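Letter by letter, the chains look like this.
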Amino acid sequence: MARSLDGLVLAPVADQAPGQVGTRTRFAYHEKDGEIWAEYAGGDVVRGQLLGTREGDRLDFRYVQLKRDGSTSSGHCVSTVVELPDGRVRLEETWEWESQEGRGTSVVEQVTEQDS
C-alpha cells in the first residue's frame, strides 16, 4: 500500500473544464483509520471539501464545492493511490457529478514545497 495521504498537498496536473478544479487548485489531505478527507480551493473553486474512505490503494469519496460564481456542485470520485518513482503520491481519479451532468478522469499529484 502506498503511504498515508495525511498532511499531503496535491494539485491537478491539468485543467478540467472551465469553472472546475484546475492546476491552481490545492487539496490538503488528511487520513486516519481508513477515513480520508480534504479541504480544497484555488482557481474557480472558492472552497471545497471531500470525505470518504480508503481501502488499500483505493479511495472512494464524495465532494462538494462552492465556485466563484456562487454556484455549488457535488459528486462522487474513486481514486487509485500510486507512488511515483520520486517518492511523491499520485491519485488517478474517475469522477462523476451528482448535482449536474458530467463525468471524467483526472490526475492529481503531490506538490512539493518548491512547486507550491
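What you see is a predicted model; the values in this text were computed from it and never measured.

1. Some points on the environment of Thr105
With respect to the element layout, Thr105 can be found in strand β8 (residues 103–110). Overall, Thr105 belongs to the exposed group, its relative accessible area being 57%. Sequence separation of Thr105 and Ser79 is 26 residues, and the distance between their C-alpha atoms is 9.4 Å.

2. Details of the sheet that holds strand β5 (residues 58–67)
If you walk around this closed barrel you meet the 8 strands as β1-β2-β3-β4-β5-β6-β7-β8, and the pairing is antiparallel. Strand-to-strand, the axes of this sheet are offset by a mean angle of 30°, without reference to chain direction. Sheet topology note: the β5/strand β6 (residues 72–83) ladder contains 9 bridges and is antiparallel. Bridging across to β6, Gln65 finds its partner in Ser73.

3. A word on the environment of Arg26
Topologically, Arg26 is positioned in strand β2 (residues 26–32). Given the relative accessible area of 28%, Arg26 is considered partly exposed. Reaching out from Arg26, the side chain makes a polar contact with the backbone oxygen of Thr23 at a distance of 2.7 Å.

4. Structural notes on the packing of aromatic side chains
Counting across every chain of the model gives 4 aromatic pairs. An angle of 70° between the planes, with centres 6.1 Å apart, marks the rings of Trp95 and Trp97 as edge-to-face. Each member of the pair, Trp95 together with Trp97, is buried. Three or more aromatic residues link up through ring pairs in this structure, and these residues are Phe27, Tyr29 and Tyr40.

5. Quick look at the pairing of β8
In terms of strand pairing, strand β1 (residues 9–12) meets β8 through 3 bridges, oriented antiparallel. Across the sheet, residue Leu10 finds its bridge partner in β8, namely Gln110. Bridging between strand β7 (residues 89–97) and β8 involves 7 bridges; their strand directions are antiparallel. The residue bridging Glu93 from the neighbouring strand is Ser106, located in β8.

Conventions we followed
- Residues numbered from 1 in each chain as written.
- Predicted model: local features only at pLDDT ≥ 70, side-chain atom pairs only at ≥ 80, totals over all residues.
- Heavy atoms only, no water.
- Helix = DSSP H or I, 4+ residues; strand = E, 2+ residues; numbered from the N terminus.
- Buried < 20%, exposed > 50% of the residue type's maximum accessible area, 1.4 Å probe, protein only.
- Pairing = 2+ DSSP bridges.
- Axes fitted to C-alpha atoms, helices over the stretch in contact; angles between N-to-C directions.
- Polar contact = N/O pair within 3.5 Å; in protein donor to acceptor, adjacent residues only side chain to side chain.
- Phe/Tyr/Trp six-rings, centres within 6.5 Å; stacked < 30°, edge-to-face > 60°.

It is worth stressing that arrangement in space is one thing and function is another; only the former is reported here.
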